[in-house]
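Below are the chains, spelled out letter by letter.
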Amino acid sequence: MKKTYILLIISLIFLGNTVNAQEENSEKETFGFLKNYVNRIVNDTVSQEKSQFFFYPVIGYRPETGIEFGVAPLYVYYAKEDTSNRLSEINAYGFITLKSQYGLRVDHAIYSDKDKWFFLGDLNFEQFPLQYYGIGNDAPEDNIALVDATQIRIRERVLRRLAENFYLGLETDFVSLSNVTFKDPDSNQNVDFPLPFGAEGTTNLGLGLGLIFDQRRNVLNERDAFFSEVAFLDYNTFWESEVEFSSVISDTRFFKSFNKRNVLAMQLMGEFNFGGDIPFNQLSQMGGENIMRGYFRGRFRDENQIAAQIEYRMLPLDLGFSKRLGATVFAGVGDVFSEWNELSVKEVKWAAGVGARFLLFQQKDVYLRFDYAITPDENGFYIGVGEAF
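Residues numbered from 1 in each chain as written. Predicted model: local features only at pLDDT ≥ 70, side-chain atom pairs only at ≥ 80, totals over all residues. Heavy atoms only, no water.

Looking up the protein chain in an unreviewed UniProt entry gives the name Outer membrane protein assembly factor, with the organism given as Psychroflexus longus. The record held by UniProt for the protein chain lists under Subcellular location (unreviewed entry) the comment "Membrane". (UniProt positions renumbered as here; feature names shortened; annotations may be inferred.)

Here is the structure:
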């Protein structure tokens, strides 16, 4: 069963064009607030050093949830309003569905004054069904179960600058899965196949170290920099994890600008789990809105994953009538596996797509993105603030 997911947002361009038509209503408080908000976004009247806040409403539909309503706020700022510092961002998405399902996702990249400290992380809290296809490269095309559960995941890095662009610090990963049920997606009855390890729910805490080399000045739209993170996490019963295993995560990104408009971006990501039994919800999962776009996150899952993507960004396009519209083309390849000898060119998955961009904050070079990705067995449409990586 293919996933249908449609996102609708209020068009800032449309609202911007209607601001002038509503001049006669400017004295009314309701229209006045809307006009001022849209004017600040569309015309970007905020100076570069000042913080900015933006949100947009979202309406979505998925077969497993029905209609969902959400809001996506974004806050960006420079520490102490000093533009010599790096741009910090806090990005969130909260939603509720007509089936009383809900969720909150928050990610952030926060730099302190003079970039001495770097806080990088994300939080996910959801009462929301997951599509489960099984484990391994030969997972069937259709999801074999809907996993309804309460999920909490908090991954945080607290890093101190050791030298220019080098950061070292604590990595933590808290994962909780509870109230778990595996239902047949068609009959809504309990499934009749053996459930994977962790199907009863687990709560685990991983602690470790992270080393980051980070040249980025704008995590939402980097144009010329190199970034690399290597992290080690150990999940251990000594600090109250219910299972024991270890994980190594590697994420390397390269950005090269050819002129003021065009940027080539590349990413190589690896996630490797070892040393014990891994709950199915903590296996390496392919797909999502950031890498291997077009695949549902978890479409393929196994102990290990390697994925790479390349993207060519034209930000903005060289148009005579607007300097705020951009476009991208991207492609990615990846694979999941349990043993290294299972890696095979024939098993590699691919994804490709195109994207449109609208320059949201002109002074800070932050774009609103619309991506459409295709894969051999499903497609995906994504809306978000900032580039995928």
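## Section: empty space enclosed by the protein
Left-over empty space is what a probe sized like a water molecule reveals as it rolls over the atoms. In this structure the tally under the stated criterion is two cavities of 30 Å³ or more. Counting only elements with at least two residues in the lining of the largest cavity, the list comes to β6 (145–163), β9 (225–235), β10 (245–257) and β11 (262–274). Ranked by the residues each element gives to the lining of the largest cavity, the list is headed by β10, at three residues. (1 Å grid on protein atoms, 1.4 Å probe; cavity = no way out; pocket = protein on both sides within 12 Å on 5 of 7 lines; lining within 4 Å. Points joined across faces, edges and corners; volume = space filled by probe spheres on them. Helix = DSSP H or I, 4+ residues; strand = E, 2+ residues; numbered from the N terminus.)

## Notes on the packing of aromatic side chains
Enumeration over the complete set of coordinates arrives at 23 aromatic pairs. Taken together, a centroid distance of 4.3 Å and an interplanar angle of 5° make the contact between Y111 and F118 stacked. Among the residues examined, Y111 registers a relative accessible area of 1% and is labelled buried. Taking the centre distance of 6.0 Å and the plane angle of 50° together, the rings of F213 and F226 count as tilted. Highlighted residues: F213 in strand β8 (residues 203–214) and F226 in strand β9, separated in sequence by 13 residues. Looking at F226, the relative accessible area reads 31%, which means it is partly exposed. Ring pairing ties together the aromatic residues F54, Y56 and F361, which thus form one cluster. Taking the ring centre of F389 as reference, the NZ or CZ of R313 above it sits at 4.9 Å. Above the face of the F300 ring, K349 is positioned so that its terminal group lies 4.6 Å from the ring centre. (Phe/Tyr/Trp six-rings, centres within 6.5 Å; stacked < 30°, edge-to-face > 60°. Buried < 20%, exposed > 50% of the residue type's maximum accessible area, 1.4 Å probe, protein only. Lys NZ or Arg CZ within 6 Å of the ring centre and 35° of its normal.)

## So, the environment of Q285
Its location among the elements puts Q285 in strand β12 (residues 284–286). Classification of Q285 as buried rests on a relative accessible area of 13%. For the pair formed by Q285 and F296, sequence separation is eleven residues and the distance between their alpha carbons is 9.3 Å. Other than its neighbours up to four places away in sequence, Q285 contacts F280, R297, G298, F300, R301 and Q305. (Contact = heavy atoms within 4.5 Å.)

## Regarding unusual backbone geometry
Here the amide bond leading from L315 into P316 is cis, since omega sits at -5°, within 30 degrees of zero. With phi around 55°, E81 is a residue other than glycine that occupies positive phi space. Here E81 lies in the loop between β2 (66–78) and β3 (87–97). Overall, the relative accessible area of 42% leaves E81 in the partly exposed class. For D365, which is not glycine, the phi torsion reads 60° and is therefore positive. In this fold, D365 is placed in the loop between β16 (349–361) and β17 (366–374).

## Describing the environment of D371
Its location among the elements puts D371 in strand β17. Each C-alpha atom, one on D371 and one on V329, is 9.1 Å from the other, the two residues being 42 residues apart in sequence. Apart from the residues within four sequence positions on either side, D371 is in contact with R293, T328, F330, V354, G355, R357, G380, F381 and Y382. Here the side chain of D371 touches R293 through a polar contact of 2.8 Å, side chain to side chain. Here the side chain of D371 touches R357 through a polar contact of 2.8 Å, side chain to side chain. (Polar contact = N/O pair within 3.5 Å; in protein donor to acceptor, adjacent residues only side chain to side chain.)

## Here we look at the confidence of the model for the protein chain
Mean pLDDT over the protein chain works out to 90, with 88% of the residues at or above the 70 mark. Note that pLDDT drops below 50 for residues 1–24; the model gives that stretch 51 contacts with residues more than four away or on any other chain. (pLDDT = per-residue confidence, 0-100.)

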